[in-house]
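# Examination of the molecular architecture
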Amino acid sequence: MDFNDVSFFDDQVGYIAGEYGYLFRTDDGGITWARVRSGYGESYLQVVPMNPFVITYVGYSGNSGFILESYTEFFDDAIASINNQTWQGISTFHNIGLANTADWLTMSWGNFGARQMGNEPREPFPNSPDDSYYNYFQQSWDLLYNSINTGEKLLAHLDSDETTYPAEEVLDFKVKLNTLIGLSYGQLGLKFDNAFSQSLKTKSLRANNSLNTSNELYSYSTDIDNVDEEINEKVLLQFKIPELSHLKSKIVNSNQLLPYDEIINLSNTYLENAVNSYLYLESSQSNYQVTDLLQNTWNFDVFTRFVNTTSAAHLLYKARHSDDSIDLASIIDFTSNGLSDISIEVASDDGFNEWTHNAYVYSVYPGWGRVDQAVLNLIDPEYPSKHEGVDLPPLETSDQRFDEYFEYLNSNNFRPERGLYFFSNYRYKRIDPVIFNDFTGGYPFVNKFENDLIRAEAFYLSGKNSEAISLINSIRLNSGSNLLELSSNASNEEIEDALYYEWVVEIGPYSYGPTSWYTNRRYEKLQNGTITQLPI
């Protein structure tokens, strides 16, 4: 990418001015950059940040010659950027490796660290910048912290004397910002061993006048059939300069580094702040709706239920092992007013773009991911738990959801020398209406029965078996499974088996991140040597 100028306001916020209307902003000292939509489509020659939200730039076009203009990155634009970065941090490619290592998905292609994470016996996690797949995992961290860094700056500005927005608009902004920061911290707490409670502080660094974007990950115009090849950019909306991660000297207050459970608590605090801001809005203007938040329009009731389910998910999914401490009382309280029988989807309304759930698409698209044999063996214990290289017949089960959720394929397209344990004759098909509609439609974010399943597990772990059994039977009835009801005197083992079955079949590998990985680590079903959290 050719560019003409780079300029920083401080050690975090900077801009790159380039040709063809390319203007990029960084909020993490130059590692990750997101395109700014200023409305000017010609050459940017020079850019000068006046404050974190206002720039002055010199531009040139063949029609009008040189211009000198100012551009204010309005809150709407800044929040729109955070909105999308948060979603990408949740749904990006690193989840494929985590679902693969959880044995709900299988994929032997060399993309995204999938084969490396799925190899048997397990290999050590590639926690080195020199590893070719390391950047996929750092990508999520960078995107989420970009959202947090920018979001916290915007919140601070809203609380300052410089704010000129009407009170109602300030509250609307606060609902969105607190939600997105809360979700970002939640993902960090669910996936990483530690995280920072605020922005990393970095020394300033003079940029080099030649950027190599050949290793970039962000492309929304990709040939998805191009198996085992690097993704080729066609439209550059974001990029990353991995080299700066090594060159920059990070000055970190050790008190900022928090264990994952404290990051989860921080996440839920932000989500609570979002609800409180919406409550103030609702008190001044009844039936107010928050729009353009994760591609959804929210009324107060659905938003509150979403926050409750998400907060409960944080408290349950954070467990790395079966004996970890879990705040069961809070989970039961949250889920009492959660998203029962309601699903939340994030829509990609124009083909393969920045709102596509990249991990989900590549996990289920024909020719890519398959259903791991461990899942199929769970559904039918007579079905082999490991593939032997000879195509297997279709599975038989009384669960009527099976043909709706899974598709039988009579051949395997993985390379046998990479391991027959990658082989499977089934793929996930639940989002085929999106996949085969040019990737346009809603991607699952919160499953319709996820709240009730979280609640059922919390009841079971609290010793309230009758409540857990009632919810499990309700899920099976309302999802059309045709499975027999659990008896009222079902044993603990039967209840736990039924819970796990519903996580695997009804929720599947992805909802709020790699649900498969979250589930298998707390059920102690990960293979020996499988990572239970990502190291920073």
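Residues numbered from 1 in each chain as written. Predicted model: local features only at pLDDT ≥ 70, side-chain atom pairs only at ≥ 80, totals over all residues. Heavy atoms only, no water.

## Quick word on the overall build of the chain
Secondary structure summary: the chain contains 17 helices and 20 strands in total. Scored against the burial criterion, the 536 residues of the chain give a buried share of 59%. Taking contacts inside the chain between residues at least 6 apart in sequence as the whole, the part at least 24 apart equals 68%. Summed over all atoms, the accessible surface of the chain reaches about 21600 Å², with 45% contributed by carbon and sulfur. (Helix = DSSP H or I, 4+ residues; strand = E, 2+ residues; numbered from the N terminus. Buried < 20%, exposed > 50% of the residue type's maximum accessible area, 1.4 Å probe, protein only. Contact = heavy atoms within 4.5 Å. Areas by Shrake-Rupley, 256 points an atom, 1.4 Å probe, with all protein chains shown as cover.)

## Side note on a negative patch on the surface
Residues Asp 76, Asp 77, Glu 168 and Glu 169 make up a contiguous surface patch of negative charge. Contributions of two or more residues to the negative patch are made by helix H1 (75-91) and helix H5 (167-191). Turning to its location among the elements, Glu 169 is positioned in helix H5. (Patch = residues over 30% accessible without salt bridge, like charges linked within 9 Å, V, L, I, M, F, W, Y side chains within 5 Å. Salt bridge = Lys/Arg side-chain N within 4 Å of Asp/Glu carboxyl O. Lys, Arg positive; Asp, Glu negative; His and termini not counted. Charge placed at Lys NZ, Arg CZ, Asp CG, Glu CD.)

## Focus: helix H14 (residues 450-461)
Compared with the 16 Å implied by 1.5 Å per residue over 12 residues, the 17 Å span of H14 between its first and last C-alpha is a close match. The buried fraction of H14 amounts to 11 of the 12 residues, a majority that puts the element mostly inside the structure. Looking only at H14, the buried set comprises Glu 450, Asn 451, Asp 452, Leu 453, Ile 454, Arg 455, Ala 456, Glu 457, Ala 458, Phe 459 and Tyr 460. Against helix H8 (300-317), helix H9 (328-335), strand E20 (441-446), helix H15 (465-478), helix H16 (492-507) and helix H17 (515-522) lie the buried residues of H14. Downstream of H14 by one or two residues, Gly 463 has phi in the positive range, about 85 degrees. (Expected span 1.5 Å × (residues − 1).)

## Notes on the side chain of Asp 103
Tracing the backbone through its elements, the reader meets Asp 103 in the loop between helix H2 (94-101) and strand E8 (105-106). Within the structure, Asp 103 has its side chain in polar contact with the side chain of Gln 527 (distance 2.9 Å). Asp 103 has contacts with Glu 120, Arg 122, Asp 372, Ala 374, Val 375 and Gln 527, leaving out every residue within four places of it along the chain. (Polar contact = N/O pair within 3.5 Å; in protein donor to acceptor, adjacent residues only side chain to side chain.)

## Re the packing of aromatic side chains
Any aromatic ring pair is given by two values, namely how distant the centres are and how the planes are angled relative to each other. Applying the stated criterion to the full structure yields 42 aromatic pairs. Consider the rings of Phe 93 and Tyr 362, whose centres lie 5.6 Å apart with planes at 65 degrees: the pair is edge-to-face. Taken as a pair, Phe 93 in the loop between H1 and H2 and Tyr 362 in helix H10 (residues 358-364) lie far apart in primary sequence, 269 residues in all. In terms of burial, Phe 93 and Tyr 362 fall into one category: buried. Seen from their ring centres, Phe 352 and Tyr 362 are 6.3 Å apart, and the 85 degrees between their planes marks the pair as edge-to-face. Of this pair, Phe 352 sits in the loop between strand E16 (344-348) and H10 while Tyr 362 sits in helix H10, and the two are 10 residues apart along the sequence. The exposure class assigned to Phe 352 is buried, which follows from its relative accessible area of 11%. By relative accessible area, Tyr 362 is classed as buried at 2%. One aromatic cluster is present, formed by Trp 87, Tyr 278, Tyr 288, Trp 298, Phe 300, Phe 303, Phe 306, Phe 445 and Tyr 512 through successive ring pairs. The ring of Trp 517 has Arg 521 sitting right over it, with the charged end atom 4.6 Å from the ring centre. (Phe/Tyr/Trp six-rings, centres within 6.5 Å; stacked < 30°, edge-to-face > 60°. Lys NZ or Arg CZ within 6 Å of the ring centre and 35° of its normal.)

## Quick word on the packing of H5 against H17
Working note: a packed helix pair is described by the angle between its axes plus the distance between those axes. One can describe the packing of H5 onto H17 by two numbers: an axis separation of 11 Å at closest approach and a directional angle of 45 degrees. Classified by the interaxial angle, the pair formed by H5 and H17 is oblique. Considering the relative orientation of H5 and H17, their crossing is left-handed. On H17, the residues that touch Gln 187, Leu 190 and Lys 191 of H5 are Trp 517, Tyr 518 and Arg 521. Tallied by class, residues from the contact of H5 with H17 come to 3 nonpolar, 1 polar and 2 charged. (Axes fitted to C-alpha atoms, helices over the stretch in contact; angles between N-to-C directions. Parallel < 35°, antiparallel > 145°, perpendicular 65-115°, else oblique. Left-handed = near helix turned anticlockwise from the far one by under 90°. Nonpolar A, V, L, I, M, F, W, Y, C, P; charged D, E, K, R; others polar.)

## Describing the pairing of strand E1 (residues 3-8)
Bridging between E1 and strand E2 (residues 14-18) involves 5 bridges; their strand directions are antiparallel. In the sheet register, Phe 3 faces E2, and the bridge partner there is Gly 18. Linking E1 to E2, which pair antiparallel, is a turn of 5 residues. (Pairing = 2+ DSSP bridges.)

## Regarding the confidence of the model for the chain
In this model, the chain carries a mean pLDDT of 87, and residues with pLDDT of at least 70 account for 88%. Low pLDDT, under 50, characterises residues 199-235; the predicted model gives this stretch 91 contacts beyond four residues in sequence or across chains. (pLDDT = per-residue confidence, 0-100.)

## A closer look at the packing of H1 against H5
Two elements in contact, H1 and H5, have axes whose closest approach is 10 Å; the angle formed by their N-to-C orientations is 25 degrees. The pairing of H1 with H5 is recorded here as roughly parallel in orientation. In this structure, the crossing between H1 and H5 has a hand that is left-handed. Of H5, the residues touching H1 (which contributes Phe 75, Asp 76, Ile 79, Ile 82, Asn 83, Thr 86, Gly 89 and Ile 90) are Phe 173, Lys 176, Leu 177, Leu 180, Leu 183, Ser 184, Gln 187 and Lys 191.

## Topic: the nonpolar core
If you look at the biggest cluster of nonpolar residues, it comprises 136 residues, and the most contacted ones within it are Ile 96, Leu 188 and Phe 445. Sorting elements by how many residues they give to this core places H5 first, with 11 residues. In this structure, Phe 445 is in contact with Trp 87, Ile 90, Leu 183, Leu 294, Phe 306, Ile 344, Glu 345, Val 346, Glu 450, Ser 511 and Tyr 512, ignoring residues within four places of it in sequence. Listed in part, the 12 residues of the second largest apolar core include Val 13, Ala 17, Val 47 and Tyr 57. (Core = buried A, V, L, I, M, F, W, Y, C linked by side-chain atoms within 4.5 Å.)

## Describing the pattern of salt bridges
Taken as a whole, this structure holds 13 salt bridges when the rule is applied. A salt bridge links Asp 103 to Arg 122, with the nearest nitrogen and oxygen atoms 3.0 Å apart. One end of the pair, Asp 103, is in the loop between H2 and E8; the other, Arg 122, is in the loop between helix H3 (114-118) and helix H4 (134-158), with 19 residues separating them in the sequence. We note that Asp 103, like Arg 122, is buried. Between Asp 301 and Arg 305 there is a salt bridge, with its nearest N and O atoms 3.2 Å apart. Linking Asp 301 with Arg 305, this pair stays in helix H8, spanning 4 residues, or about one helical turn.

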